Amino acid sequence: MRIGVLGGGQLGRMLALAGYPLGLSFRIFDPSEEACAGQVAPLFVGRYRAEEVGRFAEGLDLVTYEFENVPVEAVRSLPLPVFPPARALEVAQDRLLEKEFFRGLGVPTPPFHPVDGPEDLQEGLLRVGLPALLKTRRGGYDGKGQALVRTLEEAQGALEALGGKGLLLEGFVPFDREVSLLAVRGRGGEVAFYPLVENRHQGGILRLSLAPAAGASPKLQKKAEGYAQRALEALDYVGVLALEFFQVGEELLFNEMAPRVHNSGHWTIEGAETSQFENHLRALLGLPLGSTALRGYSAMVNLIGFRPDFAQILSVKGAHLHWYGKEVRPGRKVGHVTLVAPDEARREEGLRALGLV
Ligand code: AMP
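Note that the structure is predicted; figures quoted are calculated from it, not measured.

A. Summary view of the packing of helix 6 (residues 118-128) against helix 7 (residues 152-161). Look at helix 6 against helix 7: their axes get within 11 Å of each other, and the N-to-C directions meet at 140°. Considered as vectors, helix 6 and helix 7 are oriented oblique to each other. Considering how the two elements wind past one another, helix 6 and helix 7 form a crossing that is right-handed. Every residue of helix 7 that contacts helix 6 at Pro-118, Leu-121, Gln-122 and Leu-125 is listed here: Leu-152, Ala-155, Gln-156 and Leu-159.

B. Layout of the site of the ligand. Around the ligand there are 14 residues in total, and Lys-135, Glu-170, Val-173, Glu-178 and Asn-255 lie nearest to it. Between the ligand and Lys-135, the relevant distance is 2.8 Å, taken from an oxygen atom to a side-chain nitrogen or oxygen of the residue. One nitrogen or oxygen atom from the side chain of Glu-178 is found 2.6 Å from an oxygen atom belonging to the ligand. Put simply, the parts of the chain that give the shell around the ligand at least two residues each are strand 6 (132-136), strand 8 (167-171) and strand 14 (251-258). Classifying every residue of the shell around the ligand by side-chain character gives five nonpolar, four polar and five charged.

C. Structural context of the packing of helix 1 (residues 10-19) against helix 10 (residues 276-285). Axis separation between helix 1 and helix 10 bottoms out at 8 Å; the angle between their running directions is 70°. In terms of orientation, helix 1 and helix 10 fall into the roughly perpendicular class. Contacts between helix 1 and helix 10 involve Leu-11, Met-14, Leu-15, Ala-18 and Gly-19 from the first element and Phe-277, Glu-278, His-280 and Leu-281 from the second. Of the residues assigned to the contact of helix 1 with helix 10, the class counts are six nonpolar, two polar and one charged.

D. Broad picture of the side chain of Thr-64. Within the secondary structure, Thr-64 sits in strand 4 (residues 62-65). Reaching out from Thr-64, the side chain makes a polar contact with the side chain of His-280 at a distance of 2.9 Å.

E. Molecular detail of the pattern of salt bridges. Taken as a whole and judged by the stated rule, the model has 20 salt bridges. One salt bridge in this structure joins Glu-170 and Lys-135, with 3.2 Å as the shortest N-O distance. With Glu-170 in strand 8 and Lys-135 in strand 6, the pair connects residues that are 35 residues apart, well separated along the chain. For Lys-135, a relative accessible area of 4% translates into the label buried. Lys-223 is paired through a salt bridge with Glu-251; the nearest N and O atoms lie 3.5 Å apart. Placement of the pair is Lys-223 in helix 8 (residues 218-234) and Glu-251 in strand 14, with a sequence separation of 28 residues. Accessibility expressed as a relative area gives 25% for Lys-223, which makes it partly exposed. Judged by its relative accessible area of 39%, Glu-251 falls in the partly exposed class.

How each quantity is defined
- Residues numbered from 1 in each chain as written.
- Predicted model: local features only at pLDDT ≥ 70, side-chain atom pairs only at ≥ 80, totals over all residues.
- Heavy atoms only, no water.
- Axes fitted to C-alpha atoms, helices over the stretch in contact; angles between N-to-C directions.
- Helix = DSSP H or I, 4+ residues; strand = E, 2+ residues; numbered from the N terminus.
- Parallel < 35°, antiparallel > 145°, perpendicular 65-115°, else oblique.
- Left-handed = near helix turned anticlockwise from the far one by under 90°.
- Contact = heavy atoms within 4.5 Å.
- Near = heavy atom within 4 Å.
- Polar contact = N/O pair within 3.5 Å; in protein donor to acceptor, adjacent residues only side chain to side chain.
- Nonpolar A, V, L, I, M, F, W, Y, C, P; charged D, E, K, R; others polar.
- Salt bridge = Lys/Arg side-chain N within 4 Å of Asp/Glu carboxyl O.
- Buried < 20%, exposed > 50% of the residue type's maximum accessible area, 1.4 Å probe, protein only.

This is the structure:
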């Protein structure tokens, strides 16, 4: 089976690495010839246009993507199976569509209001209150394209700074913590879920994931799985889907989804019986899904903008290093470390020994 992956970052790289034991081969599409997945699979350099994506797909058996801003039309025009379905991509690309979609499924979200000008902003502020976040509907990631506003003046300033339209105003949620759920659905409709993960961000970028999320009750897990199940079915989804939530007490408010393998699932490579990457591929191929059971208590630390001392990291018991082969630049995810420990106390101890967070 020849699999095409749209997007040649670390996610594409780890997908290919997970697919080789299954006898799969890969071709990677990326606009940059430096794309790090190109170090482990043949790279097709092109722009995200229907014609170029079409040429890339010639001779492949199926296509998936690891990059969310692939133009939906380019995906829809492909004459071969593409998973996850284009509709999922379309929903994920627009924060308004995404929030409306989940609200339509009966999943709680923060209060939100579309903003295309000063009047909408006024109305939105009345509806969601202050503080609030003004976000661009499209193209934002890792906390980019959004502003926290505490006053009317700040909101007006942010409206201008973010382009005046195509925005979403969202009530600020004083959450206890952020959690994510990784779900996977196969071609026959079977589903599997990983345990809830706790995620800590810094400067809008994921820094640390803890799996399982400490103290997450079976009831909370079931709640998250129920929400995910609704989305998976409504989208006739195939592959891994990541859902991010704000946890407030025993409530989960939907924040966003990623129709792909996700940074908060990297720990599954060593920390679960089947990694998110392998399960994504199994789902696409119509193979049985693998067990999502834990192999211990995991922590995943992103390496952002620096190259650590590899020997020091590898001297920590249970630590695994993933270096993506990218050029180190400020704010760039260049690798991660996963720590798997037999209990929470030793996970804490290991994290201290790593000295990365
Ligand atoms: P996003 O790109 O929408 O996931 O936002 C990036 C980060 O900003 C989230 O992970 C949160 O830490 C924070 N954030 C986003 N929306 C809200 C909100 N409505 N209330 C509180 N914090 C938020």
